[in-house]
Amino acid sequence: MSAEATRERPLATKTCSRCGGEFGCLQGQSGCWCEAVELTRATLAELRASADDCLCPSCLEEFAERDRRLTEAQVRRQRGWAKALPHPAVRARGVSPLWAAAAALFVLAVLVFSLANGPLSIGVGAIAASALSHLPLVHVQSGLNALESAIVWQVRAPRVVLGALVGGMLAVAGSAYQGVFRNPLADPYLLGVAAGAGLGATLAISYAAAAERAGELLPLAAFAGAVCAVAGAYVLGRSVGGARTTGTLILAGVTVAAFMTAVQTFVQQQHSQTLQAVYSWLLGGFAGASWHQVLLMSPYVVVSSTVILLHRRVLDVLSLGDEEAASLGLNVRRTRLLIVAAATAGTAAAVAVSGLIGFVGIIVPHTIRLLVSSSYRAIVPLSLLAGAGFLVLADVLARTVLSPDELPIGVVTAFFGAPFFAVVLRTTRRVGM
Amino acid sequence: MSAAIEARELSVRLGRTEAVRSVSLTVQRGEWLGLIGPNGAGKTSLLRALAGLIPFTGTVRLDGNALETATRREVARLVALVPQIPQTPSELTVAEYVLLGRTPHIGYLATEKRDDRLAAERAIARLALRPFTERRLGSLSGGELQRVVLARALAQQAPILLLDEPTTALDLGRQQQALELVDALRRDEELTVIAAMHDLSLAGQYADRLLLLDRGQLVSEGAAFEVLSEERISTYYEASVEIVERNGHVFVLPRREDRACAP
């Protein structure tokens, strides 16, 4: 191949970073002189580490001469050494330590802030002392009296932890849905989770309100409804022959959701006395949060977000489209089913304990995408943290703005979410999905 | 030693139409086979079937391995496919995109190891993309993108390279450069290449052998000067051309029919 053939732009004249002489870069046989002049890997690695920029061909030739004098054993040994050093630029950007620290700090600050704030303000120092006093082998006087301690550890703490679990879960599930469907507008409720959970909850409130343990039935019914809706959408999408195209799956989700919403509206109409209860459940919130709910919810969050986190590189492969992902050896259909199943289980569990909280699943992953990187290696883990922080923060606002009354948390997330969403829409081109 | 690709009675059905009808072909290791034929002749379907991406009937052996029983990952280690219009997410860097080519060598839930980064680095260097390593795909020109896509295919380290219209979006110079690169890679990396191409002159110059498809059937096979005849091109492409042979190469020149004289 001629030198002409690979030249993409007019010859670049460069100054050799070793001898200072001028030479034409990008002129070697395959573009770079380092490719044209034969050097051992070890020498290449050494030059990369020591030289600021390209070297001229004659300097490279000197190194090549040195290499040729090496004995075969030396070359073999040097190869082993050079093998350890791929160029630092050849890597997939993940979460930089800076962003990881920033996200962790955000979550921590929000957690402490929301433990301390409420109708009764409690000092951060006192809370810290109280937390330490619960640890074994640490002898610190708790800074809280019995009432304050109960407020912090039995009322606020479970609420904060539940908010963090739900927020993290919804954000991670949202990012997973966006990746799997290559659709920036996808959210965790895309395949009918919302309609299914709504129907389940409405049925429970309308027909089983008088039943024994009705309080435990509601989350169960919502969970079952959500899972059924997505399973229904998936089966419908498959039967149209369309698991191949993500579009059919989304349409199937829309179909199932429309049907379930119709049934839900009908049931509501028949039991108009339950409207208030259904409505307030739909808006979502953490008013009744308890450690029991945290316990109920956490296995789903742990399993679901672990599965999605492990798929972060696979989600990047899926961004090439189904066909190319398949040609790279991925079983696209099975992978999509697995990720959707994990995201759905987690979302359904979140909805079961907190109702329908909108926007978290869209805003958070998009913020990460805009601020940090569009690689799911960054989006998934950072969404987990940022989602947790965001929802806890929204919950603090929900319970303090109109204190002692509470705003529905869905109102807070949507109030901040809707304007944000407008910005996301305007910048979708930059998001480049 | 078995041939790189051996297909027998390969047929592909897309809905009600039979896109590929009973095509048999053998490609030797290191050979470049040019796939030509009019739009809708079944070139893309044939390539997708050989890459194991769509169901087919008949048998295909890749390097002696039966395609029907191989797993997706095994196939991806044998065949790299460069689609006609590859998806190139604009926010990915060149390095990240080329690293995705390592997928068949990376455990399902694992991430890249040192060897994968070295293979990607080698592919980047081989296609003269070092200066672009950290550039975003969205900031590259068409010719540069084409090299990046080839680098991804090279990083896959599959002995068989399938190219679907590799030069469609490129200008004349970039077309030649891309094909020269593929040819150099084929020689250096001992690859077997099947390329579907529209430009018959280029196809004839770069391929060792041409295979002419029409409505899913193999209608002619052989060296460029055997396959490319004015008569055949008029029959299958419904085109009026002039064939010029020069320096051992065959050139296909489109020719406007002389209009009949007006009365």
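Reading the values: rules and limits
- Residues numbered from 1 in each chain as written.
- Chains lettered and ligands numbered in written order.
- Predicted model: local features only at pLDDT ≥ 70, side-chain atom pairs only at ≥ 80, totals over all residues.
- Helix = DSSP H or I, 4+ residues; strand = E, 2+ residues; numbered from the N terminus.
- Rg over C-alpha atoms; globule rule 2.2 N^0.38 Å.
- Buried ≥ 20, exposed ≤ 12 C-beta atoms within 10 Å, placed from the backbone.
- Contact = placed C-beta atoms within 7 Å.
- Expected span 1.5 Å × (residues − 1).
- Bend = angle between axes of the 7 residues up to and from the residue.
- Axes fitted to C-alpha atoms, helices over the stretch in contact; angles between N-to-C directions.
- Parallel < 35°, antiparallel > 145°, perpendicular 65-115°, else oblique.
- Left-handed = near helix turned anticlockwise from the far one by under 90°.
- Nonpolar A, V, L, I, M, F, W, Y, C, P; charged D, E, K, R; others polar.
- Pairing = 2+ DSSP bridges.
- Core = buried A, V, L, I, M, F, W, Y, C linked by C-beta atoms within 7 Å.
- pLDDT = per-residue confidence, 0-100.

### Points about the overall build of chain B
- Counting its regular elements, chain B contains 9 helices and 12 strands.
- Over its C-alpha trace chain B gives a radius of gyration of 19 Å, about what one expects of a compact globule, namely 18 Å for 263 residues.
- With respect to the principal axes defined by its C-alpha atoms, chain B has extents near 75 × 40 × 35 Å.
- By residue count, 49% of the 263 residues in chain B fall in the buried class.
- Relative to all contacts within chain B whose residues are 6 or more apart in sequence, the contacts with residues 24 or more apart total 65%.

### Some words on helix α7 (residues 146–181) of chain A
All names here are of chain A.
- Between the first and last C-alpha of α7 there are 51 Å, a value that for 36 residues agrees with the 52 Å anticipated at 1.5 Å per step.
- Helix geometry: α7 is bent most strongly at R156, by close to 40°, with proline P158 lying one to four residues after it.
- One or two residues past the end of α7 sits R182, with phi positive at roughly 45°.

### Quick look at the packing of helix α5 (residues 97–116) of chain A against helix α17 (residues 376–400) of chain A
All names here are of chain A.
- Look at α5 against α17: their axes get within 9 Å of each other, and the N-to-C directions meet at 25°. Between α5 and α17, the interaxial angle falls into the category roughly parallel. α5 and α17 meet at a crossing whose hand is left-handed. On the side of α5, the interface is formed by W99, A103, A104, F106, V107, V110, L111, F113 and S114, while α17 contributes L382, L385, A386, A388, G389, V392, L393, D395 and V396.
- Classifying every residue of the contact of α5 with α17 by side-chain character gives 15 nonpolar, 2 polar and 1 charged.

### Thoughts on the pairing of strand β9 (residues 209–214) of chain B
All names here are of chain B.
- Pairing between strand β3 (residues 32–36) and β9: 4 bridges, direction parallel. Paired with I36 across the bridge in β9 is L212.
- As judged from the 5 bridges shared by β9 and strand β10 (residues 217–222), these two strands associate in the antiparallel manner. Residue pairing across strands places L211 opposite E221, the latter belonging to β10.
- Connecting β9 to the antiparallel partner β10 that follows it, the hairpin turn spans 2 residues, and R215 within it adopts a positive phi of roughly 45°.

### Points about the interface of chain B and chain A
- Residue-level contacts link 41 residues of chain B with 36 residues of chain A.
- For the side of chain B that touches chain A, the secondary structure elements donating two or more residues are α2 (72–78), α3 (94–100), α4 (114–126), α5 (142–155) and α6 (172–189) of chain B.
- Here the element with the most residues in the side of chain B that touches chain A is α4 of chain B; it accounts for 8 residues.
- Looking at the side of chain B that touches chain A, its residues break down into 18 nonpolar, 10 polar and 13 charged.

### Quick look at the sheet that holds strand β7 (residues 160–164) of chain B
Residues and elements named next belong to chain B.
- With mixed pairing, 6 strands are arranged side by side in an open sheet as β6-β7-β8-β3-β9-β10. Of all strands in the sheet, those bounded by a partner on one side alone are β6 (79–82) and β10. Averaged over all pairs of adjacent strands, the angle between strand axes in this sheet comes to 15°, irrespective of strand direction.

### Looking at the environment of A92 of chain A
- Mapped onto the secondary structure, A92 of chain A falls in the loop between α4 (72–83) and α5.
- As for A92 of chain A and R377 of chain A, which are separated by 285 residues in sequence, their C-alpha atoms are 8.4 Å apart.
- The contacts of A92 of chain A, once residues within four sequence positions are left out, are S375 and R377 of chain A together with E96, L99 and E112 of chain B.

### Thoughts on the packing of helix α12 (residues 291–310) of chain A against helix α15 (residues 332–354) of chain A
Residue and element names in this part refer to chain A.
- Contact geometry for α12 and α15: axes closest at 9 Å, N-to-C directions at 160°. When the axis of α12 is compared with that of α15, the two are roughly antiparallel. For the element pair α12 and α15, the recorded crossing hand is left-handed. Between α12 and α15, the contacting residues are Q293, L296, M297, Y300, V301, S304, S305, V307 and I308 on the first element and I339, A342, A343, A345, G346, A349 and V353 on the second.
- Considered class by class, the residues forming the contact of α12 with α15 number 12 nonpolar, 4 polar and no charged.

### Concerning unusual backbone geometry
- Phi at R182 of chain A is positive, roughly 45°, even though this residue is not glycine.
- You will see that E190 of chain B, though not glycine, has its phi angle at about 55°, which is positive.

### Some points on the nonpolar core
- With 201 residues, the main nonpolar core has V79, V98, I124 and L162 of chain B as its most contacted residues.
- Setting aside chain neighbours within four positions, we find V98 of chain B in contact with A120, A123, I124, V148, A151, R152 and A155 of chain B.
- Formed by 6 residues, the second largest nonpolar core is a distinct cluster that contains F23, L55, C56 and L60 of chain A.

### Concerning the confidence of the model for chain A
All names here are of chain A.
- Averaged over all residues, the pLDDT of chain A equals 81, while 81% of them reach at least 70.
- The secondary-structure element of chain A with the lowest mean pLDDT is helix α19 (residues 428–431), recorded at 50, while helix α13 (residues 312–318) shows the highest, at 94.
- Low pLDDT, under 50, characterises residues 1–11; the stretch is placed with 19 contacts to residues that sit more than four places away or in other chains.

### Topic: the environment of G284 of chain A
All names here are of chain A.
- In this fold, G284 is placed in the loop between α11 (275–283) and α12.
- Judged by the 22 C-beta atoms lying within 10 Å of it, G284 is buried.
- Distance from G284 to I357, taken between C-alpha atoms, is 5.6 Å for residues 73 residues apart in sequence.
- Apart from the residues lying within four places of it in its own chain, the contact partners of G284 are S354, G355, L356, I357, P408, I409 and G410.

### As for the pairing of strand β8 (residues 192–196) of chain B
Residues and elements named next belong to chain B.
- Among the 5 residues of β8, 5 are classified as buried, and the element is accordingly described as predominantly covered.
- Of the two faces of β8, the one lined by T192, I194 and A196 and the one lined by V193 and A195 are each fully buried.
- Relative to β8, β3 is paired through 4 bridges, and the arrangement is parallel. Residue pairing across strands places L35 opposite A196, the latter belonging to β8.

### Re helix α16 (residues 360–371) of chain A
Residue and element names in this part refer to chain A.
- Over its 12 residues, α16 runs 16 Å from end to end, which matches the ideal 16 Å to within 8%, given 1.5 Å per residue.
- Among the 12 residues in α16, 10 count as buried, and that is most of the element.
- Here α16 has its buried residues at V360, G361, I362, I363, V364, P365, H366, T367, I368 and R369.

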